[in-house]
Structure formats: C-alpha cells, structure tokens
Amino acid sequence: MNIEKRIKYLGFNDFWFSLVGILIISFATYYLFNPSLDFNNWVEAVLSWVFGLMFTIIDWTINRSIMIFLRKKFPAFRDDAKRIIIFFLAVVCTVILVDFLGGSILSLIPGINVIPYQYRIKILLTIVFLTVMIMAIYEAIYYNIRLKKSVREEEQSKQILIQAQLDALQNQAQPHFFFNTLNTLRDIIDQNPKEDAMEFVDKLSDIYRFLLEAGNDNLIPLNKELKFAKAYIHIQTERFGDNLKLNWDISKASSDAMVVPMSLQLLLENAIKHNVISKSKPLTVDVAVQDNNLVVSNKMEPKSTQVPSTKVGLANIKKRYALISGKSIEITNIENRFMVSLPLLTLLDKKN
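Residues numbered from 1 in each chain as written. Predicted model: local features only at pLDDT ≥ 70, side-chain atom pairs only at ≥ 80, totals over all residues. Heavy atoms only, no water.

(A) Broad picture of empty space enclosed by the protein. Here the structure, examined in full by the defined rule, presents 2 cavities of 30 Å³ or more. Its boundaries defined by the atoms lining it, the largest cavity holds a volume of some 90 Å³. As for the largest cavity, its lining consists of 12 residues, of which Thr 29, Phe 55, Asp 59, Asp 99 and Ile 127 are closest to the centre. When contributions to the lining of the largest cavity are tallied by element, the ones reaching two or more residues are helix H2 (15-33), helix H3 (42-73), helix H4 (80-106) and helix H5 (117-173). When residues in the lining of the largest cavity are grouped by element, the largest group, 4 residues, is from H3. (1 Å grid on protein atoms, 1.4 Å probe; cavity = no way out; pocket = protein on both sides within 12 Å on 5 of 7 lines; lining within 4 Å. Points joined across faces, edges and corners; volume = space filled by probe spheres on them. Helix = DSSP H or I, 4+ residues; strand = E, 2+ residues; numbered from the N terminus.)

So, in structure tokens, the structure goes:
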C-alpha cells in the first residue's frame, strides 16, 4: 500500500487505476452472472453486485501481489516472456479458484441460488479475458517506464565511459607524462639495445590503441584489460625500475570473464599516483582473482604532497559498474593496506 513501493514495482501509483478496474470487472461479473435479474428487486440486485465486487477485489489483490512478486523475482528484460507466461497462468488459476471457493461458500447460505459450476465456466472465461486485458495495461505501462529508464542509464553509462577515456587520454597527454616518457625512452636508447626501445614504443602504442578502440564497449574480456594494464605498467616500470613491483595471480580460466574497461588500469594508476615509490619504500601491487572478483591491493605509503585528483578513479569505476551490471565494487582499507575488489562479470550480467 506504500506509494513509493507501488511506483517502484508497478511503475506508477495505481490507486485510481485499481479502483476503476475493480468497478469495471465487478459490474461485468454482475451482468454476466445475472443477465435476466429482475431490477425491480433492488435488494437482490445490490446483494448480487456486492458478491461480485467482493470476488473481484479478492481476484485483483491476489493477482496484483503475484505480479509484484514476479517482477521482484524476474526484473530483467530477458525474463519478460517467462514472467508474463507465469503471470497469465496465475491469473487463470486465481479467477477459477476464487470463483470455485466463493461459490462453494455462497451455496451454504440459505436463500442464495448459485449457478452450477459447469455452467459458470463460459462466464469465467470472459472474466479471465477482462482481467488479463486490464493486467496487460499494467505490463504495458511497466515496460514503457523500464525502457525509458534503461535508455537513460545506457546514455549515462556511455557518457561516463567517454569521460573516463577523455580523462585517461588527458592524463597520458599531460606534459609531465610525456616528459617522463621521452626521458625514459632516451635513457633506454642510450643504455640498452635497440630492441628495448622498440618494445617501449610498442607498449606506449598499445596504451593509445586500447583507449581509441574501447570507445563503444561497456564490458571487455579480462585478458584484454590485462594486456592494456601490463602495457601501462611496462612504461611505469621503465620509469621506476625495481621500485615498482607487480604480483600477478590470474588463472587462464578467468581470462574470459568480463570487466569494465580501464577499471584495472585506473586502480594501478591511482596506486602509483598516491603512494611513495622509492628504493627505501618500493611499491608492490598484488593483482589476483579471488571468489570471482578481481582484487587489487597494495600497502599504503602516502606521498607527503598529494597529486591533485582528476576525479577519474574509484567514483568512476563504481558508477560504471552500477549502471552496467547493477553490481558494486568493494573498497577496504585495513591495517594500512588498501584493497579494491572488482566483480568479474559475464554478458548475462549486463543490464538490457
């Protein structure tokens, strides 16, 4: 009966819709069961309508409760056909069962004539048809509202992804990034074989290629995200040397799971950005798959002077996971160890 819950599970406040629907079906029931009723006998007419109204209210309440239960149990668009078929069968069974039980109770009351059950079947089919048509209006309104909400969420998801890509490109295009990258490349050319310099350039190219190609994907395979993250770490390792260490613990069985694009790379970037990385305080980041989650953790060694945040990081990842899959990431900070768990997804987890 709560208005907020009615709007949440029905799509609108159905108070007046229910009132009008119950009256329509009750009058239809009255007419179908009493086509030749003498209207001069107002007592009998009113009593007959009251019984029809009572049966209609019971039918409506039960069917409406079943409808809400099924919407909670099968909320996804892909389950609509299953949910509607189950609901249709429930409507048929409810109308027949309520009529049978109600008729059996009324037959025990002296002075009330009840139409034999075998003759009521045809009438009940008409009532079932009316009930299904009215419940179909519920479904049409609910579907339309969900569709509009889904389109809005899809647009929000795309906007956030595009913003994340723009911010990531901006981060990589910042003067200090190019300055550090070019200096690192120059050192490699001076001190190492030509193959090392070529590998460095290839990894840098992989970063930009990924950012350009992942434009329309809300979910990507974990192995593709890992390739991007490792290319990013390769560049950073050339800069920080052995002071930056990554421990990868990811099985091949998990490589086909899906994650939100750039989620792992952004976590690694945040760890590098906000922690001291030096010979006395090396940064070790652990990346592992645990309980169907991609877990990224590191010991916290905050810099004395924090780098200004670009607002990319955790808030962006959290919102994209919520919009795309409805699932949330877990963030914990226990005993000076920072850990983020990203759910591993499948295409079925993606909201339609």
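Now, onward.
(B) Molecular detail of unusual backbone geometry. The backbone phi angle of Met 262 is positive, close to 70°, even though this residue is not glycine. By the element assignment, Met 262 lies in the loop between strand E3 (258-259) and helix H9 (263-274). Residue classification places Met 262 among the buried positions, given a relative accessible area of 1%. In this structure, Glu 335 is a non-glycine residue whose phi angle is positive, near 50°. Its location among the elements puts Glu 335 in the loop between strand E6 (330-334) and strand E7 (337-343). Here Glu 335 falls in the exposed class, since its relative accessible area comes to 76%. (Buried < 20%, exposed > 50% of the residue type's maximum accessible area, 1.4 Å probe, protein only.)

(C) Structural context of the pattern of salt bridges. In total, this model carries 7 salt bridges according to the counting rule given. We note a salt bridge from Asp 80 to Arg 83, for which the minimum N-O separation is 2.9 Å. With Asp 80 and Arg 83 both in helix H4 and 3 residues apart, the pair spans about one turn of that helix. By relative accessible area, Asp 80 is classed as buried at 11%. For Glu 139, the salt bridge identified is with Arg 83, shortest N-O distance 2.9 Å. Taken together, the positions of Glu 139 in helix H5 and Arg 83 in helix H4 put the pair 56 residues apart, joining distant regions of the chain. Each of Arg 71, Asp 80, Arg 83, Glu 139 and Arg 146 takes part in a single network of salt bridges with overlapping partners. (Salt bridge = Lys/Arg side-chain N within 4 Å of Asp/Glu carboxyl O.)

(D) Quick peek at a nonpolar patch on the surface. A surface patch of nonpolar side chains, amounting to about 710 Å² of accessible area, comprises Phe 15, Trp 16, Leu 19, Val 20, Leu 23, Ile 24 and Phe 27. With respect to the helices, strands and loops of the structure, Leu 23 is situated in helix H2. (Patch = residues over 30% accessible without salt bridge, like charges linked within 9 Å, V, L, I, M, F, W, Y side chains within 5 Å. Areas by Shrake-Rupley, 256 points an atom, 1.4 Å probe, with all protein chains shown as cover.)

(E) How the structure looks around the packing of aromatic side chains. Evaluation of the coordinates by the stated rule reveals 5 aromatic pairs. With 4.9 Å between their ring centres and 80° between their planes, Phe 17 and Tyr 138 make a pair best called edge-to-face. Pair noted here: Phe 17 is in helix H2 and Tyr 138 is in helix H5, with a separation of 121 residues, a long-range link. A residue is classified by how much of its surface remains accessible, and Phe 17, at 22% relative accessible area, is partly exposed. The exposure class of Tyr 138 is buried, given its relative accessible area of 0%. A centroid spacing of 5.6 Å and a plane angle of 90° characterise the contact between Phe 77 and Tyr 143, whose relative ring orientation is edge-to-face. Of the two residues, Phe 77 is situated in the loop between H3 and H4 and Tyr 143 in helix H5; the sequence distance between them amounts to 66 residues. Residue class for Phe 77 comes out buried when judged on its relative accessible area of 19%. On the basis of relative accessibility, which here comes to 40%, the residue Tyr 143 falls in the partly exposed class. Through a chain of ring-to-ring contacts, three or more aromatic side chains come together here, namely Phe 17, Trp 60 and Tyr 138. (Phe/Tyr/Trp six-rings, centres within 6.5 Å; stacked < 30°, edge-to-face > 60°.)

By themselves these figures say nothing about function.
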